[in-house]
Amino acid sequence: RDRNCDLDSPKGLLYKQPGITLGRCDVVAVTPWSAPIVWEETFDPVLVDAIYKPKNLTIATTVFAIGKYIRFLRDFLETAEKHFMVDFKVHYHIFTDQPQEVPSVNLAAGRKIFVHQVPKLNRWQDISASRMQMIQTIIEEQLHREADYIYCQDVDAKFHFRWGAETLDRLVGQIHPWFYDLSRDQFTYERRPESTAYIPPGEGDFYYIGAMFGGRVEEVYKLVKRCHENLEADKANGIEAAWQEESHLNWYLLYNKPSKILSPEYLWDDKRDKTNVMKVVRLSHILKNYAEVREN
Ligand code: 2GW
Ligand code: MN
C-alpha cells in the first residue's frame, strides 16, 4: 500500500518535455505550501495514467441521495462511467433512504455499486451535516480494507470531461467555483468565535466546497472524524456553523493543509457562466429547482 506514493514511470513512454518557463500563465498552479493546484494543461493525462494505472488502485466515492435527490443519481452514475476515473476500479457507495429506487446502470469491469440504507432526515442541515458521520462509519466498517482513496461528492452534479488520476493525493480539497476569484474576507467562513469552525479575519487560503473532498482513506478518515466531533461539539453548545459541514471542512483544511487542490474545473456550477480561466468543465453542479427538490 505504501508503494502508492511512489511515482514509478514506465520506461520508453514518450511525452512532451516538462517546461520550466512556459505553461499556464493565467492561473496559479501551486500553493505557498507547495501543493499542486490542478488545471488543464498543467499535467499530461497519458503520463498520469501510465504512472497510476499499474498500481491496481481502488477508488471509493460516496454520494448521498435522500428523498427527492434520488432523481439525480442516474445522471451522476451514467456520466461518471464515462469520465470519472475511467479504467480504474471504482466503488460507488450510495447512501439513500430508498434502496429500491437506485437505478441500474451498466458499469465497466471492476466497478461496483454499494447501497447503504439510511434514515430519511427532514432538515437539510441535518442531511448535509450527517454526511461526515456516515462517511466516518463506512470507512471504519468497510473502506479501510477495500479502498485506497475516497472522494466524497454531491449527487446533484454531472461529469462532462476527464476527471482522472491527476486528482489522487493524500488530502485533496476542491476550490468553490463561486469563490476562486474573491478575497479571503469575502469567504463565507464561520465568523463567530463560539463555533469550533471559527476562522478569524485575515486568515484563510481558499474557500473549499463541501460538495467534493477526498484523498487517501486514512487521511479522509481523520478529516471526517474531526469535522463530525466539531459538529457535535457545536450542537451541544447550541450553535450551527453558517454552512454546516462546509464551514467545518474549511476550518479543517486551513489548519491541515491539503496536499493537492482541485481547480474549479473539477466542480463548476452551471449557474455561473464559464470564466476565462476555465478551459474545460469536468464536473458541474446542475441547475435545479431549489424550492421544489427541497420541499418534503
Ligand atoms: C434537502 C433539502 C435542502 C437541501 C438539501 C437537501 C438534500 C440533500 C436532500 O433532500 N437529499 C440529499 O440527498 N441531499 C444530499 O446532500 C445530496 O447528496 C446533495 O447533493 C447534498 C448537498 O445538498 P445540496 O446539493 O442541495 O446542496 P448545495 O449544492 O446547494 O450545497 C452546498 O452547500 C452545502 C452546505 O450545507 C453542502 O456543503 C454542499 O456540499 C454544497 O455543495
Ligand atoms: Mn449540491
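Only a predicted model underlies this, so the values are computations on that prediction, with no experimental measurement involved.

Peer 1: Would you mind showing me how to read the site of ligand 1 here?
Peer 2: Looking at ligand 1, there are 21 residues lining it, with Phe64, Ile66, Tyr69, Trp124 and Glu245 nearest. For ligand 1, an oxygen atom lies 2.5 Å from a polar atom in the side chain of Tyr69. When ligand 1 is considered free in solution it has 730 Å² of accessible area, and contact with the protein chains removes 93% of it. The set of elements that each furnish at least two residues to the shell around ligand 1 consists of strand E2 (58-65), helix H3 (124-146), strand E8 (208-216), helix H5 (244-255) and helix H6 (290-294). Among the elements that line the shell around ligand 1, the one with the most residues is H3, at 4 residues. Partitioned by chemical class, the residues of the shell around ligand 1 number 10 nonpolar, 4 polar and 7 charged.

Peer 1: Looking at this structure, I do not really get the sheet that holds strand E6 (residues 157-159). What am I missing?
Peer 2: The strands making up a sheet are joined through hydrogen bonds of the backbone, oriented either antiparallel or parallel. Within the open sheet, the 3 strands sit side by side as E6-E11-E10. Their pairing is mixed. Where the open sheet ends on each side, the last strands, each with one partner, are E6 and strand E10 (268-269). Examined bridge by bridge, E6 and strand E11 (residues 283-285) share 3 bridges and lie antiparallel to one another. Bridged to Lys158 within E11 is Ser284.

Peer 1: Please explain the nonpolar core as it appears in this structure.
Peer 2: A general tendency of soluble globular proteins is for nonpolar side chains to be buried together. Of all hydrophobic cores here, the largest spans 46 residues; its most connected members are Met132, Ile135, Ile139, Ile150, Phe213, Leu223 and Val224. Breaking this core down by element, the ones donating at least two residues are E2, H3, strand E5 (149-153), strand E7 (171-175), E8, helix H4 (217-236) and H5. Ranked by the residues each element gives to this core, the list is headed by H3, at 7 residues. Those residues in contact with Val224 that sit more than four places away from it in its chain are Met132, Ile135, Gln136, Ile139 and Phe213. Core analysis: the next-biggest nonpolar cluster, separate from the first, contains 43 residues, Leu47, Tyr92, Ala165 and Leu168 among them.

Rules behind the numbers
Residues numbered from 1 in each chain as written. Chains lettered and ligands numbered in written order. Predicted model: local features only at pLDDT ≥ 70, side-chain atom pairs only at ≥ 80, totals over all residues. Heavy atoms only, no water. Near = heavy atom within 4 Å. Polar contact = N/O pair within 3.5 Å; in protein donor to acceptor, adjacent residues only side chain to side chain. Areas by Shrake-Rupley, 256 points an atom, 1.4 Å probe, with all protein chains shown as cover. Helix = DSSP H or I, 4+ residues; strand = E, 2+ residues; numbered from the N terminus. Nonpolar A, V, L, I, M, F, W, Y, C, P; charged D, E, K, R; others polar. Pairing = 2+ DSSP bridges. Core = buried A, V, L, I, M, F, W, Y, C linked by side-chain atoms within 4.5 Å. Buried < 20%, exposed > 50% of the residue type's maximum accessible area, 1.4 Å probe, protein only. Contact = heavy atoms within 4.5 Å.

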